[in-house]
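Single-letter residue listing:
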Amino acid sequence: MKGLLLKDYYTITKQIRIYLLILVIFAFLPGFPAFLLALVYSSMLPITVIAYDEYSKWNRMAEMMPYSETELVLSKYVLGYIAVVLIWILSIVVQTVLELIAGIKGDSLTDPQYITLICVALGFEAVILPLMFKLGVEKGRIILIALAGGVTFCASFFGGKLSSIKALEADPAGVMIISTAAAIVMNVLSVLLSVHLYKSVKK
Amino acid sequence: MNAIETRGLCKTYGDFRLENINLVLPSGCIMGLVGENGAGKSTTIKLIMNAVERDSGEVSIMGTDNKSREFKKLKENIGVVLDEAYFPEVLNAVNVNAVMKSTYKNWNEEQYFNYIDRFSLPRQKRFKDYSRGMKMKLAIAAALSHSPKLLILDEATGGLDPMIRDEILEIFNEFTRDESHSVLISSHIVSDLEKICDYIAFIHNGNLIFSDEKDRLFQKYGIIRMSKENFKEVPQDAVIGKKASEYFVEALVRKDLMPGNCNFERAGIEEIILFMAKEDR
């Protein structure tokens, strides 16, 4: 799978540079939730790679190589996980540097609320990737936008009343444990579903 | 041991049906797969590589069922070049080396860069800026650089100019100097196949018309040219296909079914498949 990840890295090198630049710029803007933005961007990186793969028809070639369908699918998930974890580590580094140099102190990114956010990003990835494998990036993105719009709409109406939001404020550690478990279960199921969808589309 | 063996291979795609494909490519030989566009050559290659699900039949590569778990490992020994080189556009030859090095256990970096230099491919130029010939050369360099025992080439020389084609065919010839190496090559360019192949398989409308040794085909078939009157004397079961003008008939015939005193012209592979593909027998 290392070869697949390396190929993905070369494919999106340009995007990663822009991504890091945006992250650093926003990290210097006080009050801006750079971490959230970075997480969303990170979980979208696999979609960008799938779009490039579709354009170049890379999978036709990859299927001739010593890779299983599971590896071809799983590599996209792993790329997303790496991006999310890297951005978390990078955000902690940027925050520490800012604190040391400029004395700007923000929330600790190891707090349960932030771990919960990471789990939400991973859950988001678990939802969108099967869509991309089934529908392709063009159609998948339309569904994704519709989903995002629906979630935003619901959040703006019911956000304050949701028990989970209240629970997050009251018991952040408990919510973190539940969201971690949910993210793991969602991703395991999502990988299995994506492999099945990939095989059914391919055959 | 046979490099490739397929038995009763079938696949249906909508209206198209690939039916009962039986191929045997002995180790150390080159087999040419010929047929018109949409005949089923690429589908056959995908089925051989298990890149699409077969409806029925069996495929064995170097003695391994292509649906078994071992087949993934066996792919280390198979170099494949498709009709296009499907590398992502932003990669260059150096990036391709890094990706392949992490993909194939037997990757030979030195050999790969030897091919890159031999093909005069710029190392840092991005794939999207390569010409079609350069792209195919890169794909061929990658396919040859992990010590494959079997090369599978799907229209790999299509669209290339004759000079590049000749150069690439010479490389395939070099490859088969090792007796354990085999090649399955599909192409529209029958003259290329005639030059390098030991076996020829002809697929027409999803059916395997023949799969035989090239020299045996030359022995088996001949071309006769004669007047329409004289043609009436020819045993009709010997006639494989014919082209008739107002006065003359040109026909591909089975030599063994013709009278002993008959004169034949040599039938090349192109003539054989053209006559066989013609409907008006």
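This is a predicted model, so every value here is computed, not measured.

**Structural notes on the overall build of chain A**
Counting its regular elements, chain A contains eight helices and zero strands. Tracing chain A from N to C terminus, the helices and strands come up as α-α-α-α-α-α-α-α. Once local pairs closer than 6 in sequence are excluded, the contacts in chain A between residues at least 24 apart make up 81%.

**Remarks on the overall build of chain B**
In terms of helices and strands, chain B carries ten helices and 14 strands. Dimensions of chain B, computed from C-alpha atoms along their principal axes, come out at roughly 70 × 40 × 40 Å. Counting contacts in chain B only where the partners sit at least 6 residues apart, residues at least 24 apart contribute 67% of the total.

**Describing the pairing of strand 12 (residues 239-244) of chain B**
Side-chain direction in a regular strand flips from residue to residue, so the side chains alternate between the two faces of the sheet. Residue and element names in this part refer to chain B. Both strand 12 and strand 13 (residues 248-254) contribute to a ladder of five bridges, which runs antiparallel. Bridging across to strand 13, Gly 241 finds its partner in Leu 252. Here strand 12 folds back onto strand 13, and the loop between the two strands holds three residues.

**Observations regarding the domain arrangement of chain B**
Residue and element names in this part refer to chain B. Each assigned domain of chain B is listed here: domain 1 (2-205) and domain 2 (217-277). Each of domain 1 and domain 2 has a C-alpha centre, and these two points are 35 Å apart. Across the boundary between the two partners, domain 1 contributes eight residues, which contact seven residues of domain 2. Contributing elements (two or more residues each) for the side of domain 1 that touches domain 2: helix 7 (190-196) and strand 9 (199-204). Looking at the side of domain 1 that touches domain 2, the element that brings in the most residues is helix 7, giving four residues. Tallied by class, residues from the side of domain 1 that touches domain 2 come to five nonpolar, two polar and one charged.

**Details of the nonpolar core**
In summary, soluble globular proteins display a tendency toward joint burial of nonpolar side chains. Core analysis: the biggest nonpolar cluster contains 116 residues, and A:Ile118, B:Met31, B:Leu138, B:Ile140, B:Ile152 and B:Ala201 have the highest contact counts within it. Taken domain by domain, this core gets at least three of its residues from each of domain 1 (2-205) and domain 2 (217-277) of chain B. Not counting residues within four places of it along the chain, the set of residues in contact with B:Ala201 comprises B:Leu23, B:Met31, B:Leu33, B:Leu208 and B:Ser211.

**Describing helix 4 (residues 109-118) of chain B**
Residues and elements named next belong to chain B. For helix 4, the set of buried residues is Tyr 112, Tyr 115 and Ile 116. For helix 4, the angular spread of buried residues about the axis comes to 105°, placing them on one side. Pointing more than 90 degrees away from the buried face of helix 4 are the exposed residues Glu 110, Asp 117 and Arg 118. Check the buried side of helix 4 and you find it contacts helix 3 (93-101) and helix 5 (132-144). A positive phi of about 55° marks Ser 120, the residue just after helix 4.

**A few points about the sheet that holds strand 13 of chain B**
All names here are of chain B. On the basis of which strands lie adjacent, the open sheet formed by four strands has the order 12-13-11-14 and antiparallel pairing. Among the strands making up the open sheet, the edge pair consists of strand 12 and strand 14 (265-266). In the packing of helix 10 (residues 269-277) onto the sheet, the strands contacted are strand 11 (221-227), strand 12 and strand 13, and the crossing angle to strand 12 comes to about 85°.

**Comments concerning the environment of B:Leu184**
All names here are of chain B. Residue placement: Leu 184 occurs in strand 8 (residues 182-186). Taking the number of C-beta atoms within 10 Å as the measure of exposure, Leu 184 has 26 and is therefore buried. Excluding residues within four positions of it along the chain, Leu 184 makes contact with Ile 4, Leu 25, Met 31, Leu 33 and Ile 152.

**Let's talk about helix 6 (residues 162-175) of chain B**
In this model helix 6 of chain B runs 20 Å from its N-terminal to its C-terminal C-alpha over 14 residues, within 8% of the 20 Å that 1.5 Å per residue would give. Elements that come into contact with the buried residues of helix 6 of chain B comprise helix 5, strand 7 (150-154), strand 8 and helix 7 of chain B.

**Some points on unusual backbone geometry**
Residues and elements named next belong to chain B. A positive phi is found at Asn 50, a non-glycine position, where the angle reads about 55°. Looking at where Asn 50 falls in the secondary structure, it is placed in the loop between helix 1 (41-48) and strand 4 (56-61). Residue classification places Asn 50 among the partly exposed positions, given that 19 C-beta atoms sit within 10 Å. Despite not being glycine, Glu 155 has its phi angle at roughly 55°, a positive value. Topologically, Glu 155 is positioned in the loop between strand 7 and helix 6. The buried category is assigned to Glu 155, around which 21 C-beta atoms lie within 10 Å.

**Observations concerning the packing of helix 1 (residues 2-11) of chain A against helix 3 of chain B**
For the pair helix 1 of chain A and helix 3 of chain B, interaxial distance at closest approach is 7 Å and the crossing angle is 155°. When the axes of helix 1 of chain A and helix 3 of chain B are compared, the pair comes out roughly antiparallel. The chirality of how helix 1 of chain A crosses helix 3 of chain B is right-handed. Contacts between helix 1 of chain A and helix 3 of chain B involve A:Gly3, A:Leu6, A:Lys7 and A:Tyr10 from the former and B:Asn95, B:Ala98, B:Val99 and B:Met100 from the latter.

Calculation notes
Residues numbered from 1 in each chain as written. Chains lettered and ligands numbered in written order. Predicted model: local features only at pLDDT ≥ 70, side-chain atom pairs only at ≥ 80, totals over all residues. Helix = DSSP H or I, 4+ residues; strand = E, 2+ residues; numbered from the N terminus. Contact = placed C-beta atoms within 7 Å. Pairing = 2+ DSSP bridges. Domains from an automatic or database assignment. Nonpolar A, V, L, I, M, F, W, Y, C, P; charged D, E, K, R; others polar. Core = buried A, V, L, I, M, F, W, Y, C linked by C-beta atoms within 7 Å. Buried ≥ 20, exposed ≤ 12 C-beta atoms within 10 Å, placed from the backbone. Arc of directions from axis to C-beta. Axes fitted to C-alpha atoms, helices over the stretch in contact; angles between N-to-C directions. Expected span 1.5 Å × (residues − 1). Parallel < 35°, antiparallel > 145°, perpendicular 65-115°, else oblique. Left-handed = near helix turned anticlockwise from the far one by under 90°.

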